[in-house]
Amino acid sequence: MYTLESSSASIHECCGRVSQSVWGVYGVSGQVHAGLSQAVEGYQQANVVVLPNQLADDFHAFCRSNPAPLPLLYRSQSGETSCPPLAQHADIRTDISQYCVYEDGRLVKTVSSLQTYSDAERPGSWSDMVCFYLGCSFGFEGRLKEAGVPVRNVEQGRNVSMYRTAVPCVPAGAFSCPLVVTMRPVPAALLDAAVKVTHLNPLAHGAPVHIGDPALLGIQDLSRPDYGDAVELQPGDVTVFWACGVTAIEAILSSKPPLAFSHSPGCMFLTDIPDSPTSTITPPTEAKPHPELTPLCFQVSQNPLLYSLVSQGTAAKIRQLEVMIGEDPGERGIRALFVQDELLRSCLALSHSSSVAITTGFPTHYMHSPPDETDGPPGAIAMATMLLSLGKQVTMVTDRRALEMNRTIIDEAVRTGVLKDAIPLVTFEDGGPDAARHFLCHHGDPNKPRFDHLVAIERSGRAADGNYYNMRAVNIKHLVDPVDDLFIAAKHIPGIGTTGIGDGGNELGMGKVKEKVQSLMPKGGLIACEVPADHAVTAGVSNWGGYAVACGLYLLHTCPAHLRYLRKGLGLEPVTSTEQLQDWTTNLPSVEKEESFLSTLVRFGIRSGKTGHLAMEVDGLTFHPTHSDMITRLLEATRGGRGTF
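Residue positions are counted from 1 within each chain, in the order its sequence is given. At least 70 in pLDDT is required for a residue's local features to be given in this predicted model, at least 80 for side-chain atom pairs to be given and counted, and no such filter applies to totals for whole chains, interfaces and linings, which use all residues. Derived side-chain values reflect all non-hydrogen atoms in the structure, with water molecules and hydrogen atoms excluded from consideration.

Per an unreviewed UniProt entry, the chain is named D-glutamate cyclase-like C-terminal domain-containing protein, and its organism is Astatotilapia calliptera. The Sequence similarities (unreviewed entry) field of the UniProt record for the chain holds the comment "Belongs to the D-glutamate cyclase family." UniProt positions are given in the numbering used here, feature names are shortened, and annotations may be inferred rather than shown by experiment.

Now the structure itself:
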């Protein structure tokens, strides 16, 4: 049970029936919430559910399984009308302005008092009922205003908008239902402030569970909330969604108890608890706020609009990886192309994905057979095996000329334990104007994409003149299939993101920084790739970028703030099992695995990019010590930060 750290004098004792008087003036919607917020600003509020005794344990388990929408403040004894940890002199039968009464899962009426159900002679009497008090997001609206974040529903004199989503809660016993969320529009520039403030109040639903396009939650029309009032967005606002305690009402409707009660949505129970992160009800095991645990907000997609959350500590670790891979031992000048947080944003986008297509292959040695180089495939396989470990579907896209060779190389990678499992290997060749759309989408339907992210690593990129050039400005177009068309088509298909990883500016995806390539890289005006990716990750060696993506994904999936956001605040703690963690750790890149895979490539006649040597080197840099040292440092930075932030 939660404990009370501090409280003020009873608001029930000092202010009387505040909620009833305010609701009596304003009614159930319209000006209601604005008036209530002003009357009780500074105090936490609670959702209330009252259930028959025989369902109490199931509902308690349901709350524990879904902590974001149902943060349990107090569970009463059977027949108990008070709640001493939350409020002195309270009587739950009368201290809410309006109650909902349910029979067999149907809302049959609303009443202003539950005293008539206290009659011991009446079937389903109060003595058989258990009350659950759940945290409420109204409690953090005052803190948002203090942080300079406008609360649009209060500004507009409206109740907050509440929506039933397509996201299922974790079932427990008799209870299962969809997640309900509240929506508050927040200016894009203030998203970090809104996230930080609400993160500090986990018993008022905590940080948002979704930021961006409502359709990603299954919400089709913001103007028609399932509960509350529609709230108008202002220019520059982003829709931000918090888990909502009205989820409990959906649970009542789906479980169909013979008799149940709840607060009417928006009509909250007022506690005596000050609305302050330092003076609240706190689970005994909950740690005090730590700056490195505070979530940061990053946009990862424009179409559909999607932001993601990651803790400050984890973001710092991934930024450390980004700096490491930007080292330039080959002195190509790659630092000139660097854009901060491209690695972080790419990892976040991949973390939200479910099906990823990876492509690599740079036939720079056009005079040899095979013409490919050792940079690219190792990084591609490192990303693939981590994505597989995280439960993603992975497909590899290659050139027709290299299909059989790469199929054998993938089989060997699986056999030697470098790649977790076998993955499909496919080709894309020019088949007309709709070929790319049909490749990317089921039946060519843009609403049914096969993939939600494309990654190109050290893949020949199309230049402005339509040709493909190596760093010596030799045209190798005759050896390259038009995989670029997939990245171009993806720009027009909602829900498909793209990442390009390169070390020279002539790789697929580097079109995002083509102006820098053209002006700052040798022969950049000719060789610069014209085709952009959403995220352009630059590295001293492209393989290092692939290793860093794998490490970044590992860090994100050991970051509680990010996992909570991915899972919409649903699921029991701890979120990561020992078995999962061991599997993810095993599937990180390692010196042993990368050395083994490089030796496989050399056996197949694949050469170092810069020198053309058929040797244990990549881009003219020997595996020991250059690449082995980089892998070791990336692992030390990753494993050193695991599970901390």
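Colleague: I'd like a rundown of the sheet that holds strand β14 (residues 295-302), residues and numbers included.
Modeller: At least two DSSP bridges between two strands are required for those strands to pair. The way it works is that DSSP assigns letters per residue, a run of H or I at least four long becomes a helix, a run of E at least two long becomes a strand, and they are numbered from the N terminus. Pairing within the open sheet is antiparallel, and its six strands lie in the order β7-β8-β10-β9-β15-β14. The sheet terminates laterally at β7 (161-168) and β14, the two strands that pair on one side only. Each strand axis lies, on average, 35° off the axis of its neighbour in the sheet, ignoring direction. The pairing of β7 with strand β8 (residues 178-187) spans five bridges and is antiparallel. Looking at β8, one finds that R164 is bridged to V180. Where helix α7 (residues 191-199) meets the sheet, it contacts β8, β9 (210-212), β10 (237-243), β14 and β15 (305-311), and its direction lies at approximately 135° from that of β14. Sitting on the sheet, helix α10 (residues 342-352) is in contact with β14 and β15, with an inclination near 75° to β14. Every axis in this analysis is a line fitted to C-alpha atoms, fitted for helices over the stretch in contact. Angles between the N-to-C directions lie between 0 and 180 degrees. Any two residues whose heavy atoms approach within 4.5 Å at even a single point are treated as in contact.

Colleague: Tell me about the packing of aromatic side chains, residues and numbers included.
Modeller: Think of it this way: a Phe, Tyr or Trp ring, Trp meaning its six-membered ring, pairs with another when their centres are within 6.5 Å, and the plane angle makes it stacked under 30 degrees, edge-to-face over 60, tilted otherwise. Inspection of every chain in the model, using the stated rule, returns 11 aromatic pairs. Measuring from ring centre to ring centre gives 5.2 Å for F140 and W242, while their planes differ by 45°; the resulting arrangement is tilted. Taken together, the positions of F140 in the loop between β6 (129-135) and α5 (141-146) and W242 in strand β10 put the pair 102 residues apart, joining distant regions of the chain. Exposure categories follow from relative accessible area, calculated using a 1.4 Å probe and restricted to protein chains: below 20% of the type maximum is buried, above 50% is exposed, and the middle band is partly exposed. Judged by relative accessible area, which is 0%, F140 ranks as buried.

Colleague: Explain unusual backbone geometry to me, using residue names and the numbers behind them.
Modeller: For the peptide bond that leads from S369 to P370, omega is 0°, which places it in the cis range. Cis geometry is found at the peptide bond from H624 to P625, where omega equals 5°. Tracing the sequence through the fold places P625 in helix α21 (residues 623-640). Located in the positive-phi region is D341, a residue other than glycine, with phi close to 75°. Positionally, D341 belongs in the loop between α9 (312-325) and α10. Phi is positive for D619, close to 50°, though the residue is something other than glycine. You can see D619 is positioned in the loop between β22 (617-618) and β23 (621-622).

Colleague: Provide a residue-level description of the pattern of salt bridges, including the pertinent values.
Modeller: Throughout this description, the term salt bridge denotes a Lys or Arg side-chain nitrogen within 4 Å of a carboxyl oxygen of Asp or Glu. Applying the stated criterion across every chain, the model contains 26 salt bridges. A salt bridge links R415 to E412, with the shortest nitrogen-to-oxygen separation between them at 2.7 Å. On the criterion of helical spacing, the pair formed by R415 and E412 is a turn pair, its members being three residues apart in helix α12 (residues 403-415). Assessed through its relative accessible area of 16%, E412 is described here as buried. What you see here is one network of salt bridges that share partners, running through D372, D399, R401 and R459.

Colleague: Break down helix α20 (residues 591-603) for me, with residues and values.
Modeller: Multiplying one less than the number of residues by 1.5 Å gives the expected span of a helix. Taking 1.5 Å of rise per residue, 13 residues should cover 18 Å, and α20 covers 18 Å from first to last C-alpha, within 8% of that figure. Looking at α20, one finds that the buried residues are K593, E594, F597, L598, T600, L601 and V602. Buried positions along α20 lie against α11 (377-389), α12, α17 (542-556), α19 (578-586), β22 and α21. A positive backbone phi angle near 85° is found at G605, which sits one or two residues after α20.

Colleague: Account for the sheet that holds strand β16 (residues 355-361), naming residues and giving values.
Modeller: Two strands in a sheet stick together by hydrogen bonds in their backbones, pointing the same way (parallel) or opposite ways (antiparallel). Strand order in the open sheet made by the six strands is β18-β17-β16-β19-β20-β21, with parallel pairing throughout. What marks the edges here is a single partner per strand, and that holds for β18 (425-427) and β21 (535-538). Pairwise comparison of adjacent strand axes, ignoring direction, gives a mean angle of 25° for this sheet. Note: β16 against strand β19 (residues 453-459), six bridges, orientation parallel. Bridged to A357 within β19 is L454. Packing of α12 onto the sheet brings it into contact with β17 (393-398) and β18, and relative to β18 it is tilted by some 165°. Taken strand by strand, α17 contacts β19 and β20 (497-502), and its axis lies near 135° from that of β20.

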